[in-house]
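The chain contents come next:
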Amino acid sequence: MKSVAQTNPVVEPNENSKKKRVGILGGTFNPPHMGHLIIADQVANQLDLDKMFFMPDSLPPHIDYKDAIAADKRRMMVELSISGNPLFNLETAELERGGVSYTFDTIIELKRRHPDYEYYFIIGGDMVDYLPKWYRIDELVKLVHFVGVARAGFPKESQYPVMWVDVPLIEISSTQIRWNIQHKCSIKYLVPENVENYIKEEGLYLE
Ligand code: ATP
């Protein structure tokens, strides 16, 4: 394992275990952007992960997400953005289950499906503060390793065990990209080129 900044007690992964080390980046991906790709790559590299799941949610529990575009379009953009990276995979558990996406339910399902996987669940610094409110969080922290990545304006602190991985601070957000499109500002280099083309072809986020 490469250098990892840790500020909280961490459940040490068993280096000798035969389990596959699998990262999960869950999100609404409305749309996916370069920040998502950079943090997933950095975490995969620094924690020597065997693969990384990009997992679009169906309905996130924490917000009233009326602005999220249809799930099939978010899924398509995630597929486009991860194409060409053999470590990155689309995970559709939450889209297939539908309804509100509780991470606890998802992890139970994924563990049943892949008992030989050990999960590293990435959360941006903006999400860490919400952990105490997550559904069945006390059980969830025993099922996954939470991996924190810093986000501008949010402290690297948590009431729950989080292993912090140092990644470059990237101030790109899906909110900013939607804003740029509505205001006719460029999104070039903020999202992968194939995602930019898809957004244009489908006329997404214009209003
Ligand atoms: P929005 O602006 O619509 O809230 P977002 O940019 O936060 O969206 P999500 O799809 O909600 O994107 O993010 C999925 C996960 O990736 C979350 O844990 C989020 O904190 C994290 N994340 C997204 N962008 C960044 C970034 N630039 N730096 C660090 N973490 C990020």
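The paragraphs below set out a description of the structure included in this document. (Residues numbered from 1 in each chain as written. Predicted model: local features only at pLDDT ≥ 70, side-chain atom pairs only at ≥ 80, totals over all residues.)

### Details of the site of the ligand
Moving on, step 1. Taken together, 19 residues lie near the ligand, and Gly27, Gly35, Gly124, Ser174 and Thr175 sit nearest.
Moving on, step 2. Per-element tally for the shell around the ligand: the top contributor is helix 1 (residues 34-46), with 3 residues.
Moving on, step 3. Here the residues of the shell around the ligand sort into 8 nonpolar, 9 polar and 2 charged. (Near = placed C-beta within 6 Å. Helix = DSSP H or I, 4+ residues; strand = E, 2+ residues; numbered from the N terminus. Nonpolar A, V, L, I, M, F, W, Y, C, P; charged D, E, K, R; others polar.)

### Describing the pairing of strand 2 (residues 51-56)
Moving on, step 1. Strand 2 sits mainly inside the fold: 5 of its 6 residues count as buried.
Moving on, step 2. Regarding the hand of the β-α-β motif, the stretch spanning strand 1 (residues 20-27), helix 1 and strand 2 is right-handed.
Moving on, step 3. Of the strand pairs in this sheet, strand 2 and strand 3 (residues 88-90) are connected by 3 bridges, and their pairing is parallel. Its bridge partner being in strand 3, methionine 52 is matched across the sheet by phenylalanine 88. (Buried ≥ 20, exposed ≤ 12 C-beta atoms within 10 Å, placed from the backbone. Right-handed = clockwise from strand over helix to strand, strands pointing away. Pairing = 2+ DSSP bridges.)

### Some points on helix 4 (residues 103-113)
Moving on, step 1. Every buried residue of helix 4 is accounted for by Thr103, Thr106, Ile107 and Leu110. Angular distribution of buried residues about the axis of helix 4 spans 95 degrees; they occupy a single face of the element.
Moving on, step 2. Residues of helix 4 that are buried sit in contact with strand 1, helix 3 (93-97), strand 4 (117-124) and helix 6 (137-143). (Arc of directions from axis to C-beta. Contact = placed C-beta atoms within 7 Å.)

### Side note on helix 2 (residues 71-82)
Moving on, step 1. In this model helix 2 runs 17 Å from its N-terminal to its C-terminal C-alpha over 12 residues, within 8% of the 16 Å that 1.5 Å per residue would give.
Moving on, step 2. Of the surrounding secondary structure, the elements contacted by the buried residues of helix 2 are helix 1, strand 2, strand 3, helix 3 and helix 8 (193-202).
Moving on, step 3. Taken from the residues just after helix 2, glycine 84 is the one with a positive phi, measuring 95 degrees. (Expected span 1.5 Å × (residues − 1).)

### Topic: the nonpolar core
Moving on, step 1. Ile24, Ala40, Val43, Tyr120, Phe121, Ile122 and Val147 are the most contacted members of the largest nonpolar core, which totals 47 residues.
Moving on, step 2. Among all residues touching alanine 40, those that are not within four sequence positions of it are Gly23, Leu25, Met52, Phe88 and Ile122. (Core = buried A, V, L, I, M, F, W, Y, C linked by C-beta atoms within 7 Å.)

### Observations concerning the environment of serine 173
Moving on, step 1. With respect to the helices, strands and loops of the structure, serine 173 is situated in the loop between strand 6 (162-165) and helix 7 (174-182).
Moving on, step 2. For the pair serine 173 and phenylalanine 104, spaced 69 residues apart in the sequence, the C-alpha separation amounts to 25 Å.

### A closer look at the sheet that holds strand 4
Moving on, step 1. The 6 strands lie next to each other as 3-2-1-4-5-6, forming an open sheet whose pairing is parallel. Each end of this open sheet is capped by a strand with a single partner; those strands are strand 3 and strand 6. Neighbouring strand axes in the sheet, compared pairwise and without regard to direction, differ in orientation by 30 degrees on average.
Moving on, step 2. Where strand 1 meets strand 2, 6 bridges bridge the pair, whose relative direction is parallel. Residue pairing across strands places leucine 25 opposite phenylalanine 54, the latter belonging to strand 2.
Moving on, step 3. Docked against the sheet, helix 2 engages strand 2 and strand 3, running at close to 155 degrees with respect to strand 2. (Axes fitted to C-alpha atoms, helices over the stretch in contact; angles between N-to-C directions.)

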